[in-house]
Amino acid sequence: SPDSTSNAKPISLTHYLIDEQRAGRVNADLRLLIEVVARACKTIAVAVGKGALGGVLGDAGTGNVQGEAQKKLDVIANDVLLEANAWGGHLAGLASEEMEHSQPIPDVYPRGNYLLLFDPLDGSSNIDVNVSVGTIFSVLHCPDGVNTPEDQHYLQAGTTQVAAGYCIYGPSTMMVLTVGNGTHAFTLDREHGSFILTQRGMMVPQETQEFAINMSNRRHWDAPMQHYVDDLLAGKDGVRGKDFNMRWIASMVADVHRILTRGGIFIYPWDRKDPSKPGKLRLMYEANPMSFLVEQAGGAATDGRTRIMDIAPSGLHQRVPVFLGSKKEVEEATRYHLKHDRG
Ligand code: P6P
């Protein structure tokens, strides 16, 4: 794919999506929906990029359904995505981490056949310290015959996603996208305002020596999790026979982007800090879209026992433990849990 050194003609996101449409992998509605989301992400990128100069840092003074304090940019990003998609005409409804219930597209606008789920600004606790954050989105079919979708219509397994992606607001703004035909990275050309294909066919190395986890929770993990990580820390002197490095940015989009780029395993396991919650990350608009992207890049994603994309959802804001990244390492971590289950 073109980059700053090659002389190949740059391929824009629109060009890529038209090629996918011509190949019959997406239809015009889905192509236009993804382009609306990309345009909304460009607006969010401008707001995020202003930082303190935009008067958008700090708390909004409100809380979301997760009981988390909302940052001003959480609310701004959510509003941008709602507004951009309301009149777009490709959606029947949308659901957001920041809203307790899903929202059908208002009657005054034409409706499409897709459902959009998103975390408008994931990792927003990092905003005030200028660390990369991102927007995560997932696209599902609206069930046939449903004109006014309600929460239960979004509860579809991750394998039914027709598209998923994220936009990372970092040193460069990038969109990473799959429509089920590989995972590809697009970098925002700020001069022309278009996302340019900069990495076609991202592939996660099968093996890794790098893990991402919040180690401060170790005492709250279950035994298999403690054993697995202790074996990583034992390095070449332990059963793994090789040394491991650790990274934890505490911004899922940034951690997953690193793993898609150079491999690794990202883990947010169950912990007994709040036994009622089976993990911190949300299935519908964090774990499922990231799992789709990672699997399309040759990686794997489980909840420690089951493939994440096979999970039958029970709630819009359902949480799951997440183990994703380099396939062989995810399988190894999952083995620790399954072995424990067998006693
Ligand atoms: P912790 C951000 O709040 C987030 O939802 C993910 O982006 C990130 O991976 C995780 O939580 C960080 O959690 O407990 O380390 O702060």
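Residues numbered from 1 in each chain as written. Predicted model: local features only at pLDDT ≥ 70, side-chain atom pairs only at ≥ 80, totals over all residues. Heavy atoms only, no water.

The name that an unreviewed UniProt entry assigns to the chain is Fructose-1,6-bisphosphatase class 1, with the source organism given as Solilutibacter silvestris. Under the UniProt heading Pathway (unreviewed entry), the entry covering the chain gives this text: "Carbohydrate biosynthesis." (UniProt positions renumbered as here; feature names shortened; annotations may be inferred.)

Peer 1: Give me the lowdown on the pattern of salt bridges, citing residues and values where you can.
Peer 2: Counted under the stated rule, the structure contains 17 salt bridges. Between arginine 111 and aspartate 107 there is a salt bridge, and its shortest N-O distance comes to 3.0 Å. In the salt-bridge network here, residues are joined through shared partners; they are Glu210, Asp255, Arg258 and Arg262. (Salt bridge = Lys/Arg side-chain N within 4 Å of Asp/Glu carboxyl O.)

Peer 1: Just give me the short version of the site of the ligand, but keep the residues and values in it.
Peer 2: In the vicinity of the ligand, 13 residues are found, and the nearest of them are Asp122, Asn214, Trp248, Met252 and Tyr268. For the ligand, an oxygen atom lies 2.8 Å from a polar atom in the side chain of asparagine 214. Contacts to the ligand include tryptophan 248, whose side-chain N or O atom sits 2.9 Å from an oxygen atom. For the shell around the ligand, the elements supplying multiple residues, two or more each, are strand E13 (265-268) and strand E14 (281-282). For the shell around the ligand, the class distribution of residues is 6 nonpolar, 3 polar and 4 charged. (Near = heavy atom within 4 Å. Polar contact = N/O pair within 3.5 Å; in protein donor to acceptor, adjacent residues only side chain to side chain. Helix = DSSP H or I, 4+ residues; strand = E, 2+ residues; numbered from the N terminus. Nonpolar A, V, L, I, M, F, W, Y, C, P; charged D, E, K, R; others polar.)

Peer 1: So what's going on with a nonpolar patch on the surface? Residues and values would help.
Peer 2: A cluster of nonpolar side chains, namely Trp87, Val108 and Tyr109, defines an oily patch on the protein surface of about 360 Å² accessible area. Turning to its location among the elements, tyrosine 109 is positioned in the loop between strand E4 (103-104) and strand E5 (114-122). (Patch = residues over 30% accessible without salt bridge, like charges linked within 9 Å, V, L, I, M, F, W, Y side chains within 5 Å. Areas by Shrake-Rupley, 256 points an atom, 1.4 Å probe, with all protein chains shown as cover.)

Peer 1: Outline the UniProt feature "binding site: Mg(2+) 1" (unreviewed entry) in the chain, listing residues and values.
Peer 2: If you check UniProt for "binding site: Mg(2+) 1" (unreviewed entry), the listed places come out as Glu97, Asp119 and Leu121 in our numbering. The largest pairwise C-alpha distance within this set of annotated residues, which runs over 25 residues, is 9.1 Å, so the set is compact in three dimensions. By the element assignment, glutamate 97 lies in the loop between strand E3 (91-96) and E4. On the basis of relative accessible area, glutamate 97 is assigned to the buried category, the value being 3%. Dropping the residues within four chain positions of it, glutamate 97 is found in contact with Asn64, Val65, Gln66, Glu68, Phe118, Asp119, Pro120, Arg282, Tyr285, Glu286 and His317. (Buried < 20%, exposed > 50% of the residue type's maximum accessible area, 1.4 Å probe, protein only. Contact = heavy atoms within 4.5 Å.)

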